[in-house]
Amino acid sequence: MSTASPLPPAPRSSSGALAAWGIAILVIATVLIGALAPARHPAPLRSAAEDPACLEWSDGCKVCQRLADGPACSLPGFACQPGALQCLRRREG
């Protein structure tokens, strides 16, 4: 009969260190994937003034038209508070 003694259990601190390293590697991998993955950016929205299909636009204070010589705008009222640009007339087709 052999009297081999069983191996002592591994110290708890090594399993805690292994878990900490695993969490650290997981966090680093997640950050790297987020930084290196290609981002999908939607096409930027054009304002009515930048849209070549918009022939007339307004912000509630002044009205602008796209002419052959370039845009022409009316003068705003004295106490007008401008709002968001809206396209009033678009090119057909």
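Going by the structure above, here's the rest.
Computed from a prediction, not measured in an experiment: that's the story for all the values here.

Trainee: Account for the environment of Asp59, with residues named and values stated.
Mentor: Tracing the backbone shows Asp59 in the loop between strand 1 (54–58) and strand 2 (63–67). Linking Asp59 and Leu85, residues 26 residues apart in sequence, is a C-alpha distance of 4.4 Å. Aside from chain neighbours lying at most four places away, what touches Asp59 is Pro82, Gly83, Ala84 and Leu85. One polar contact links the side chain of Asp59 to the main-chain amide nitrogen of Lys62, over a distance of 3.0 Å.

Trainee: Account for the pairing of strand 3 (residues 70–73), with residues named and values stated.
Mentor: As paired elements, strand 2 and strand 3 share 4 bridges and run antiparallel to each other. Within strand 3, the residue paired with Cys64 across the bridge is Cys73. Remark: 2 residues form the turn of the hairpin made by strand 2 and strand 3, two consecutive strands paired antiparallel.

Trainee: How would you sum up the sheet that holds strand 4 (residues 86–90)? Please name residues and give values.
Mentor: One open sheet accounts for 4 strands, arranged 3-2-1-4; its pairing is antiparallel. The strands lining the two open edges of the sheet, one partner per strand, are strand 3 and strand 4. When the angles between neighbouring strand axes are averaged without regard to direction, this sheet yields 25°. In the sheet, strand 1 pairs with strand 4 via 4 bridges, with the strands oriented antiparallel. By the bridge assignment for strand 4, Ser58 is matched with Gln86.

Trainee: Please set out the pairing of strand 2 residue by residue, giving values where relevant.
Mentor: Bridge count between strand 1 and strand 2: 3 bridges; the pairing is antiparallel. When the sheet's bridge partners are listed, Ser58 is paired in strand 2 with Val63. Between strand 1 and strand 2, which pair antiparallel one after the other, the connecting turn spans 4 residues, and Gly60 there sits at a positive phi close to 90°.

Trainee: Any details on the side chain of Asp59? Residues and values, ideally.
Mentor: Buried charge without a salt bridge: Asp59, with Lys62 as the nearest opposite-charge side chain at an N-O distance of 5.0 Å. At a separation of 2.9 Å, a polar atom in the side chain of Asp59 contacts the main-chain amide nitrogen of Cys61.

Trainee: So what's going on with the side chain of Ser58? Residues and values would help.
Mentor: Structurally, the position occupied by Ser58 is in strand 1. Residue classification places Ser58 among the buried residues on the basis of a relative accessible area of 11%. Within the structure, the side chain of Ser58 is placed 2.9 Å from the backbone nitrogen of Gly60, a separation counted as a polar contact. One polar contact links the side chain of Ser58 to the main-chain carbonyl oxygen of Lys62, over a distance of 3.0 Å.

About the thresholds
Residues numbered from 1 in each chain as written. Predicted model: local features only at pLDDT ≥ 70, side-chain atom pairs only at ≥ 80, totals over all residues. Heavy atoms only, no water. Helix = DSSP H or I, 4+ residues; strand = E, 2+ residues; numbered from the N terminus. Contact = heavy atoms within 4.5 Å. Polar contact = N/O pair within 3.5 Å; in protein donor to acceptor, adjacent residues only side chain to side chain. Pairing = 2+ DSSP bridges. Axes fitted to C-alpha atoms, helices over the stretch in contact; angles between N-to-C directions. Buried < 20%, exposed > 50% of the residue type's maximum accessible area, 1.4 Å probe, protein only. Lys, Arg positive; Asp, Glu negative; His and termini not counted. Salt bridge = Lys/Arg side-chain N within 4 Å of Asp/Glu carboxyl O.

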